[in-house]
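Spelled out from the first residue to the last, the chains are:
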Amino acid sequence: MYGLGSLVTKAARFFPNRMAVADEDGSLSYLELNDMVNRTANYLVSQGFVKGSRMAFLCDNCKEFAVMYLATQKVGIVAVLLNYRATRDELSRDVRRSHCEAIFYAPKWKDIISERCLGGSDVRLCISFGGDMPFGHLSLEHMCELSEGTEPEVEISETDISTILYTSGSTGLSKGVVRTHRMSCEYAMQIAAEHEYYKTEPICILSHSPLFHTGGLSMLMKALVLSGSYVGVNGVSPEHMAPLIEKYHVNQFFLVPPVNIMRLSGSPAMQEHDVSSVKHIWATGGKLSTEYVRTMLELFPGARVKTSYGGTEFCAASSISFILSPDEVEDNAELIDSAGCIGMFVDVRLIDENGKDVAQGQPGELIVSSPFVMKEYLDDPVETEKVLIDGWYHTGDVFRIDPNGLLHFLDRKSAMIKTGGENVYPNEVESVLREHPDIVDCAVVGLPDAKWGEAVAAAIVPGPHGVDLKDVADFAKRKLAGFRKPRYYLLLDSLPRMASAKIDRRALLDSDKYKFIPASDIA
């Protein structure tokens, strides 16, 4: 047996009573999970679904997602993971263009599915769970009642397609990223290889990252490959997270982006519940800062902190984890700023605009070669050829490598601001602004400017006590070179973000919605 589906079979044999997956409504042991997975898979086969058939998922983080996803993996059905934050028209489009024959959805999206948004698609079976079904739809529970719990007899090959995930569309129309079973399994092995303690202490991971996103799915995969436990929550809410940490003795916490730690800080729920079991925090999807790390250590004393860099098309390229005392945080700012070292099964290069390797310390586009680079973009050979060149995936992200081999993210090539003949990477400015004690988060963009071509503009999210923009402007003058200092500012309650949790800088360029003010007008 091969593929992610085999992981639950093995775990059920060796750890039948260990908790496999949980959410706010309950949990399943590995024995229970494997039985439901087999029954679901066998039912799908009985209905004519074969290797290569495709099923859309419109589902948040829950036990039922794990059941259906692993069922597809056991019998070679391709799981098409849809972004439930997309519009109805976008969802309908993605179901049609991925040629899905079935759709699995959580009850909260019943109205979208029942309003015939699937018209013109290949969908012939709609499946949900946990309540009354619209006419003609089938419940997961009923499927399990109708079939046997024996292991399906479907041979899975490493070249078979496992999963299709859609990108967040930061450069236009979202693209379907095609992953094979080999890619999925190899990445699961990489995650396992980076973990040191699973044989002496079973892991229990709590994740709020959506399972349609590569980060969220990775946490489920990590739990499975280490025969550990996955606890899924939806959204960053200390009132929901803290009781689950206490109930299930969660020892690993996945946080995307790292700024979300500030939403937990000071919450009464984090004080009222015992969260001392958390010993490992994986914070990614954005830059760490010394303030974020200090806050993590205040909430979870002694925890190991991990950060990483990756993407839907190539999973992960680098990571690092460290244990620091609160007193050591300031002295390790360069370490905290980094995206870590390259992964053990990964090779990366930094290249210039001519495809030549840059000298150490110089900025260059990061390109990746590894067993878990995507196969292709779905039905899009033109876009595939643009990014997959001679076995290397071109990320479009600019990095530098320091003398210690640590990778430092500068920014997207497309985000670079050209101002007065100088190149400014927004992330360099953001990292400095985040050092201001009254700034929780920020985003930097380039605004059209008659004098400079583009001018640096900063959107600021203040802390709970507010922020004085004049003080921020003075801070920027002291800390930044003249061409890097923001010439425009904007205060926001929160930054616009894409489904991947990355900052949506394009949205900030909407001058009708976001009104930046010149730094010269700040009294």
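Quick notes on the rules
- Residue positions are counted from 1 within each chain, in the order its sequence is given.
- In keeping with the predicted nature of the model, local features appear solely for residues at pLDDT of at least 70, side-chain atom pairs appear and are counted solely at 80 or more, and the whole-chain, interface and lining totals rest on all residues.
- Side-chain numbers come from the whole structure's heavy atoms, not from hydrogens or water.
- Starting at the N terminus, helices and strands are each numbered in turn, a helix being any DSSP run of H or I of at least four residues and a strand any DSSP run of E of at least two.
- When we talk radius of gyration, it's over C-alpha atoms, and the globule rule is simply 2.2 Å times the number of residues to the 0.38.
- Exposure categories follow from relative accessible area, calculated using a 1.4 Å probe and restricted to protein chains: below 20% of the type maximum is buried, above 50% is exposed, and the middle band is partly exposed.
- Contact definition: two residues touch when any of their heavy atoms are within 4.5 Å.
- All accessibility values rest on the Shrake-Rupley procedure with a 1.4 Å probe; residue burial counts only the protein chains present in the view.
- Under this rule, positive means Lys or Arg and negative means Asp or Glu; His and the chain ends count for nothing.
- A charged residue contributes its charge at one atom only: NZ of Lys, CZ of Arg, CG of Asp or CD of Glu.
- Any two strands with at least two DSSP bridges between them are considered paired.
- All axes are obtained by fitting lines to C-alpha atoms, using only the stretch in contact for helices, and the reported angles, taken between N-to-C directions, cover 0 to 180 degrees.
- A pairing counts as a salt bridge when a side-chain nitrogen of Lys or Arg comes within 4 Å of a carboxyl oxygen of Asp or Glu.
- Nitrogen and oxygen atoms within 3.5 Å of one another constitute a polar contact, given that in protein one can donate a hydrogen and the other can accept it, and given that sequence-neighbouring residues count only through two side-chain atoms.
- Between 65 and 115 degrees an angle is taken as roughly perpendicular, under 35 as roughly parallel, over 145 as roughly antiparallel, and anywhere else as oblique.
- Note: crossing handedness is left-handed where the near helix turns anticlockwise from the far helix by less than a right angle, and right-handed where it turns clockwise.
- Note on ring pairs: Phe, Tyr and Trp rings are taken, using the six-membered ring of Trp, and paired if centres are within 6.5 Å. Classes follow the plane angle, with under 30 degrees stacked, over 60 edge-to-face and the rest tilted.
- Throughout this description, the term charge over a ring refers to an Arg CZ or Lys NZ atom that lies within 6 Å of the ring centre and within 35 degrees of the ring normal.

Caption draft 1: Broad picture of the overall build of the chain. Counting secondary structure elements, the chain contains 17 helices and 28 strands. Here the C-alpha radius of gyration of the chain, 23 Å, is about what a compact globule of 523 residues would show, namely 24 Å. Seen through its C-alpha atoms, the chain measures out along the principal axes to roughly 70 × 50 × 45 Å. Sorting the 523 residues of the chain into buried and exposed places 59% on the buried side. Contacts in the chain between residues at least 24 apart in sequence constitute 68% of all its contacts with a sequence separation of at least 6. Surface accessibility of the chain: about 22000 Å² in total, with carbon and sulfur atoms responsible for 49%. A distance of 3 Å separates the average location of the 52 positive side-chain charges in the chain from that of its 70 negative side-chain charges.

Caption draft 2: Seen up close, the environment of Ala458. Within the secondary structure layout, Ala458 lies in strand β26 (residues 453-462). As for Ala458 and Leu433, which are separated by 25 residues in sequence, their C-alpha atoms are 8.9 Å apart. Discounting residues that sit within four places of it in the chain, Ala458 has contacts with Leu433, Ala443, Val444, Pro486, Tyr488, Tyr489, Leu490 and Phe516.

Caption draft 3: Quick look at the sheet that holds strand β10 (residues 204-207). Spatial ordering of the open sheet is given by β2-β1-β11-β10-β12-β13-β14-β15-β16, a layout of 9 strands whose pairing is mixed. A single partner strand is all that each edge strand has here, and the edge strands are β2 (26-29) and β16 (341-342). Bridge analysis of strand β15 (residues 315-322) against β16 gives 2 bridges, and the strand direction is antiparallel. Counted as the bridge partner of Ser319 is Cys341 from β16. Relative to β2, helix α2 (residues 30-46) is tilted by about 85°, and along the sheet it contacts β1 (19-23) and β2.

Caption draft 4: Fine view of the sheet that holds strand β28 (residues 517-518). Taking strand neighbours across the sheet as the criterion, the 4 strands line up as β25-β26-β27-β28 in an open arrangement whose pairing is mixed. Either end of the sheet is taken by a strand with one partner, and the two such strands are β25 (439-449) and β28. For β26 and strand β27 (residues 488-491), the ladder comprises 4 bridges, and the chain directions are parallel. Paired with Ala457 across the strands is Tyr488, a residue of β27.

Caption draft 5: Representation of the pattern of salt bridges in the model. Scanning all chains against the criterion turns up 24 salt bridges. For the salt bridge of Glu334 with Arg400, the shortest nitrogen-to-oxygen distance reads 3.2 Å. A residue pair is termed long-range when its members are at least 10 positions apart, and Glu334 in helix α13 (residues 333-337) and Arg400 in strand β21 (residues 392-401) qualify at 66 residues.

Caption draft 6: Up close: the side chain of Ser147. By the element assignment, Ser147 lies in the loop between α6 (140-146) and β8 (161-166). Polar contacts involving the side chain of Ser147 include one to the main-chain carbonyl oxygen of Arg39, which spans 2.5 Å. Looking at Ser147, its side chain comes within polar contact range of the main-chain oxygen of Met143, at 3.0 Å. When neighbours within four sequence positions are excluded, Ser147 is seen to be in contact with Arg39, Thr40, Asn42 and Tyr43.

Caption draft 7: Quick look at the packing of α2 against helix α3 (residues 63-75). Two numbers describe how α2 lies on α3: the axes approach to 8 Å, and their chain directions differ by 60°. Here α3 runs oblique to α2, going by the angle between their axes. Considering the relative orientation of α2 and α3, their crossing is right-handed. Seen from α2, the contacting residues are Leu33, Asn34, Met36, Val37, Asn38, Thr40, Ala41, Leu44 and Val45; seen from α3, they are Val67, Met68, Leu70, Ala71, Lys74 and Val75.

Caption draft 8: Broad picture of the packing of aromatic side chains. For the structure on display, the rule yields 15 aromatic pairs. Aromatic ring contacts, followed pair by pair, group Phe57, Phe65, Tyr69, Phe104 and Phe129 into a single cluster. Directly above the ring of Phe15 sits Arg18, whose terminal nitrogen or CZ lies 3.9 Å from the centroid. If you follow Arg349 out to its NZ or CZ, it ends over the ring of Trp392, 5.1 Å from the centre.

Caption draft 9: Summary view of helix α1 (residues 5-14). The buried count for α1 comes to 7 of 10 residues, which makes it a mostly enclosed element. Burial in α1 covers these residues: Gly5, Ser6, Leu7, Val8, Thr9, Ala11 and Ala12. Packed against the buried residues of α1 are α2, α3 and α8 (214-225).

Caption draft 10: Expanded view of the side chain of Ser184. By the element assignment, Ser184 lies in helix α7 (residues 181-193). Excluding anything up to four places from it in sequence, Ser184 contacts Leu4, Ser162, Arg179 and Met221.

Caption draft 11: Spotlight on unusual backbone geometry. Pro257 follows Val256 through a cis peptide bond whose omega is -15°. Positive phi is not limited to glycine here, since Ser227 has a value of about 50°. Take Ser227: it is sitting in the loop between α8 and β11 (229-232). The exposure class assigned to Ser227 is buried, which follows from its relative accessible area of 6%. Despite not being glycine, Cys315 shows a phi value in the positive range, around 65°. Its place among the elements puts Cys315 in strand β15. Accessibility expressed as a relative area gives 6% for Cys315, which makes it buried.

Caption draft 12: Layout of the pairing of β8. Burial runs high along β8: 5 of the 6 residues are buried. Here strand β4 (residues 78-81) pairs with β8 via 3 bridges, running parallel. Looking at β8, one finds that Leu81 is bridged to Leu165. Looking at chain direction, β8 and strand β9 (residues 176-180) are connected through 5 bridges and run antiparallel. The residue bridging Leu165 from the neighbouring strand is Val177, located in β9.

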